[in-house]
Amino acid sequence: MEKGLSGLRGRDFELSDVFYFSKKGLEAIVEDEVTQRFSSEELVSWNLLTRTNVNFQYISLRLTMVWVLGVIVRYCVLLPLRVMLAFIGISLLVIGTTLVGQLPDSSLKSWLSELVHLTCCRICVRALSGTIHYHNKQYRPQKGGICVANHTSPIDVLILTVDGCYAMVGQVHGGLMGIIQRAMVKACPHVWFERSEMKDRHLVTKRLKEHIADKKKLPILIFPEGTCINNTSVMMFKKGSFEIGGTIYPVAIKYNPQFGDAFWNSSKYNMVSYLLRMMTSWAIVCDVWYLPPMTREEGEDAVQFANRVKSAIAVQGGLTELPWDGGLKRAKVKDTFREEQQKNYSKMIVGNGSLNSELG
Amino acid sequence: MGSGGSSAAQIPDADNIRRETGFSQASLLRLYHRFRALDRNKKGYLSRVDLQQIGALAVNPLGDRIIDSFFPDGSLRVDFPDFVRVLAHFRPVDEDTGTRDPNEPEPLNSRMNKLRFAFQLYDLDRDGKISRHEMLQVLRLMVGVQVTEEQLESIADRTVQEADEDGDGAVSFLEFTKSLEKMNIEQKMSIRILK
């Protein structure tokens, strides 16, 4: 801010100081950091999918022919195969977990449920033609810990469960999702909440604490951003997940946008059209980095800890860090941010103003 | 693949707007997309709420005043031409001002018009003068609760005194421009991407 406000003399208030704020304000109107994170990333070179081509323009007949060929391949060859695979995967998951759920609790049951989960998730990921590259497998989340990752789409869950089993946290849904959820919870303990329970933060924290206290239970998977971001940046991590305690295993997920856009713009597409878009892309290619586990240090509060984890994930995944709350796309921003700006400005004009009056 | 010529046809009255504001085709298209993106309910115009949703604007101490400049005379909606007209004030100054036709109205992004824009951020009642009271109000917006009333009043008094030449206790537009004649307005009030 100091640079923008450099005036003719010292740092006293100038009539022109209003320029700085008005310029910043209008810049925000033209383009702001947050709104652009909720639309798909623009590609440098086209990947033959019209959906990623924002400025469509007819270039040549040859290119159009190649594109038509691409459409035929994607919709008539790949799509049916993928839909079939997805169908097989989901049915196996439901049937498998229900069967395993009949068994009494034992190490055999956990081993079998892991087998079922892993197999079905691998089939489902194949249904999306997912190619996943895992890095640093030695830091894979252990039992009794909390796994924390950046969120781009519901597929994140599939991508992580292919390499290990997690206990998921989320709301109970109806319909197909609900059936899957109920089946899964029979085989191994996931943490599903009713919608009303989600509002009660203490209840949520308590249940999660109980889960990780039991060292035999699988690590919990949480997405602290709370909403899907377009995979170019990491937004504010909500501190709730970091107040539970325990060891945090950060994971960074970065999709390669050349093969398909994985971002779920929930205001634009519903789940079914999103899945269809996924299944008609070329492939889902992504990198998953497991980061060394972190715990809250002495004298660090939940917010600072959350920011520390966020930075680690952003650096590893090559994403930019933003302090903004992802929930901004639905709600208004807090006044505390505005007060911070006012504080910085006041420090400048009053800090020097009083100095001048002493000398002058 | 190049920004499409085909989409420019979507902008109603594009040629008139371009002539009035001086924006390039590409900038106008960009602003049109931005207008559409901000207009969440696809109403075809923007309301105050649409602008207040922008996080970086909501935390700006002068955010409300800036939003006011889009809604002059108590209007409640801003359509695309008006939206662009306000933004045109922040277009970088054209290099070749020497060859301008003196009979044509001054371009929206001239130095005078930029100063006028800044002036009306202060002058709430639009009487052509910034009174001490109006100065205080803007100062209060920019510092929030961090500064005491006395300190703020002394700053406001000093500023008005320095700029006020005819001794009427208020800063008129001419006095405003005179006190800022050395300032590089073109650079401070221009947004480069709006070429």
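Residues numbered from 1 in each chain as written. Chains lettered and ligands numbered in written order. Predicted model: local features only at pLDDT ≥ 70, side-chain atom pairs only at ≥ 80, totals over all residues. Heavy atoms only, no water.

The name an unreviewed UniProt entry gives chain B is Calcineurin B homologous protein 2, with Phyllostomus discolor as the organism.

In the nomenclature of an unreviewed UniProt entry, chain A corresponds to Glycerol-3-phosphate acyltransferase 3 isoform X2 from the organism Phyllostomus discolor. Listed under Subcellular location (unreviewed entry) in UniProt, the entry text for chain A is "Endoplasmic reticulum membrane". (UniProt positions renumbered as here; feature names shortened; annotations may be inferred.)

Regarding the overall build of chain A
Regarding its fold elements, chain A presents 10 helices and 9 strands. Evaluated residue by residue, chain A yields a buried proportion of 46% over its 360 residues. Long-range pairs, those at least 24 residues apart, make up 75% of the contacts in chain A between residues at least 6 apart in sequence. Surface summary for chain A: the accessible area is close to 18100 Å², and the carbon and sulfur share equals 60%. (Helix = DSSP H or I, 4+ residues; strand = E, 2+ residues; numbered from the N terminus. Buried < 20%, exposed > 50% of the residue type's maximum accessible area, 1.4 Å probe, protein only. Contact = heavy atoms within 4.5 Å. Areas by Shrake-Rupley, 256 points an atom, 1.4 Å probe, with all protein chains shown as cover.)

What to know about the overall build of chain B
The helix and strand tally for chain B stands at 11 helices and 2 strands. Each helix and strand of chain B, placed in order from N terminus to C terminus, yields the pattern α-α-α-α-α-α-α-β-α-α-β-α-α. Split into buried and exposed, the 195 residues of chain B put 47% on the buried side. As presented, chain B carries roughly 9800 Å² of accessible surface, and 50% of it is formed by carbon and sulfur atoms.

With respect to the packing of aromatic side chains
All names here are of chain B. Enumeration over the complete set of coordinates arrives at 13 aromatic pairs over all chains. Relative to F83, the ring of F35 lies with its centre 5.4 Å away and its plane at 55 degrees, an arrangement referred to as tilted. Taken together, the residues span a long stretch of sequence, with F35 in helix 2 (residues 25-38) and F83 in helix 6 (residues 80-88) at a distance of 48 residues. An angle of 65 degrees between the planes, with centres 5.3 Å apart, marks the rings of F119 and F176 as edge-to-face. (Phe/Tyr/Trp six-rings, centres within 6.5 Å; stacked < 30°, edge-to-face > 60°.)

Concerning the sheet that holds strand 2 (residues 146-149) of chain A
Residue and element names in this part refer to chain A. Reading across the sheet, the 7 strands line up as 1-8-7-2-5-3-4 and stay open at both edges, with mixed pairing between neighbours. Each edge of the sheet is formed by a strand with only one pairing partner; in this case those strands are strand 1 (130-135) and strand 4 (191-193). Neighbour-to-neighbour, the strand axes of the sheet open up by a mean angle of 25 degrees, direction not taken into account. Taken together, the 3 bridges between strand 3 (residues 167-171) and strand 4 define a ladder with parallel strand orientation. Looking at strand 4, one finds that G170 is bridged to W192. Against the sheet, helix 7 (residues 201-213) makes contact with strand 2, strand 3, strand 4 and strand 5 (220-222), and its axis sits at roughly 165 degrees relative to strand 4, the strand it touches most. (Pairing = 2+ DSSP bridges. Axes fitted to C-alpha atoms, helices over the stretch in contact; angles between N-to-C directions.)

A few points about the UniProt feature "transmembrane region" (unreviewed entry) in chain A
Per the UniProt record, "transmembrane region" (unreviewed entry) is found at residues 56-77 and 84-103 of chain A. End-to-end, the C-alpha atoms of residues 84-103 of chain A are 29 Å apart, and along that stretch the chain is 95% helix and 0% strand.

Some words on the pairing of strand 2 of chain A
If a strand is regular, its side chains alternate between the two faces of the sheet. Residues and elements named next belong to chain A. Judged by which residues are buried, strand 2 turns out to be covered on both faces: I146 and V148 on one side and C147 and A149 on the other are all buried. Relative to strand 5, strand 2 runs parallel, the two sharing 3 bridges. Opposite C147, over in strand 5, you have L221 as the bridge partner. Note that strand 2 and strand 7 (residues 248-255) share 4 bridges and pair parallel. In the sheet register, A149 faces strand 7, and the bridge partner there is V251.

A closer look at the pattern of salt bridges
Under the counting rule described, the total for this entry stands at 19 salt bridges over all chains. The closest approach of N and O atoms between A:K137 and A:D163, which form a salt bridge, is 3.4 Å. You can see A:K137 sitting in the loop between strand 1 and strand 2 and its partner A:D163 sitting in the loop between helix 4 (155-161) and strand 3, a full 26 residues away along the chain. One salt bridge connects B:D68 with B:R48, and the closest N-O pair in it is separated by 2.0 Å. With B:D68 in helix 5 (residues 63-70) and B:R48 in helix 3 (residues 48-52), this pair connects stretches of sequence that are 20 residues apart. On the basis of relative accessibility, which here comes to 27%, the residue B:D68 falls in the partly exposed class. Residue classification places B:R48 among the partly exposed positions, given a relative accessible area of 30%. Linked through salt bridges whose partners overlap, the residues forming this network are A:K137, A:R140 and A:D163. (Salt bridge = Lys/Arg side-chain N within 4 Å of Asp/Glu carboxyl O.)

Some points on helix 6 of chain B
A turn of α-helix holds 3.6 residues, and therefore any two residues three or four places apart point the same way. Along helix 6 of chain B, the residues that are buried comprise B:F80, B:F83, B:V84, B:V86, B:L87 and B:A88. The secondary structure elements touched by the buried residues of helix 6 of chain B are helix 1 (17-30) of chain A together with helix 1 (14-21), helix 2, helix 5 and helix 7 (111-122) of chain B.

Observations regarding the confidence of the model for chain A
All names here are of chain A. Counting all residues, the mean pLDDT for chain A is 79, and 85% of those residues have values of 70 or more. No element of chain A has a lower mean pLDDT than helix 10 (residues 335-359), at 63, and none a higher one than strand 7, at 91. Counting interchain partners and residues more than four positions distant, the pLDDT-below-50 stretch residues 5-10 has 13 contacts. (pLDDT = per-residue confidence, 0-100.)

As for the UniProt feature "domain: EF-hand" (unreviewed entry) in chain B
Residue and element names in this part refer to chain B. Under the local residue numbering, the UniProt record ascribes the feature "domain: EF-hand" (unreviewed entry) to residues 26-61, 110-145 and 151-186. Structurally, residues 26-61 comprises 61% helix and 0% strand, and the distance from its first C-alpha atom to its last is 31 Å. The annotated region residues 151-186 carries 61% helix and 6% strand content, and the separation between its end C-alpha atoms amounts to 31 Å.

A short note on helix 9 (residues 302-317) of chain A
Residue and element names in this part refer to chain A. Between its first and last C-alpha atoms helix 9 spans 22 Å; for 16 residues at 1.5 Å apiece the expected length is 22 Å, and the two agree. When helix 9 is considered as a whole, its buried residues turn out to be A302, F305, A306, V309, K310, I313, A314 and G317. In the core, the buried residues of helix 9 are packed alongside strand 2, strand 6 (233-234), strand 7, strand 8 (284-290) and strand 9 (320-321). Just beyond helix 9, the residue with positive phi is G318, at close to 70 degrees. (Expected span 1.5 Å × (residues − 1).)

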